[in-house]
Amino acid sequence: MSTRLKNIVVNGKRTSMRLEGFFWDALDEICQIEDTTRDKLLSDLDLRITDNLTSAVRVFVAEYFRGAATDCGHERAGHGSGAALIGCGMEKSSYTSALVDIAA
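One structure accompanies this document, and this report is about it. The structure displayed is predicted, hence computed values, not measured ones.

One can find glutamate 20 in strand β2 (residues 13–20). Residue class for glutamate 20 comes out buried when judged on its relative accessible area of 14%. On a C-alpha basis, the gap between glutamate 20 and leucine 5 in space is 8.8 Å, while along the polypeptide they are 15 residues apart. Filtering out sequence-adjacent residues up to four positions away, glutamate 20 remains in contact with Met1, Ser2, Thr3 and Arg58.

Here is the structure:
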C-alpha cells in the first residue's frame, strides 16, 4: 500500500506526515463526523501521546472505528460469514488473491 506525504499543522507547528491513503481518508471521515479539522484532531492526539504521531494516528483510526463497530453493523456488512475481507473494500485486491493462493 503506497503512502502519501501531507503538510499538517500540529499545535501551531507546520510539519509533514506520511500515511497510507486509507488512513488519510479515514482521518477526513472522522473529522467530518466529529465536526473538527484534521489539524485540530492531530494536535489533540499529539498532546495525549509520548511516541510517534504517525503510529498514534494509525492506532487512533483503528480504535475509533473499532469502538464504533456494533453487532448490527457487522451483520449488515456481511461479517461473520467466514469471509472477513468481504464488505471491507478488499474483495478484488491482490491481497485477497494472495490469501486464496495460500489457502489452496
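On to the packing of aromatic side chains. How two aromatic rings sit relative to each other is given by the distance of their centres and the angle of their planes. All told, the structure shown has three aromatic pairs when counted by the stated rule. The interplanar angle of 85 degrees and the centroid separation of 5.1 Å between the aromatic rings of phenylalanine 22 and phenylalanine 23 together place this pair among those described as edge-to-face. Phenylalanine 22 sits in the partly exposed class, given a relative accessible area of 49%. With a relative accessible area of 15%, phenylalanine 23 lands in the buried category. Ring pairs connect the aromatic residues Phe60, Tyr64 and Phe65, which therefore count as one cluster.

Here the idea is simple: oppositely charged side chains can pair when their charged atoms come close. What the rule picks out here adds up to four salt bridges. Among the ionic pairs, arginine 4 bridges to aspartate 25, the shortest N-O distance being 3.6 Å. On the criterion of sequence distance, the pair formed by arginine 4 in strand β1 (residues 3–10) and aspartate 25 in helix α1 (residues 21–34) is long-range, its members being 21 residues apart. Judged by its relative accessible area of 36%, arginine 4 is partly exposed. Aspartate 44 serves as the salt-bridge partner of lysine 40, at 2.9 Å between the closest nitrogen and oxygen.

Thresholds, definitions, all that
Residues numbered from 1 in each chain as written. Predicted model: local features only at pLDDT ≥ 70, side-chain atom pairs only at ≥ 80, totals over all residues. Heavy atoms only, no water. Helix = DSSP H or I, 4+ residues; strand = E, 2+ residues; numbered from the N terminus. Buried < 20%, exposed > 50% of the residue type's maximum accessible area, 1.4 Å probe, protein only. Contact = heavy atoms within 4.5 Å. Phe/Tyr/Trp six-rings, centres within 6.5 Å; stacked < 30°, edge-to-face > 60°. Salt bridge = Lys/Arg side-chain N within 4 Å of Asp/Glu carboxyl O.

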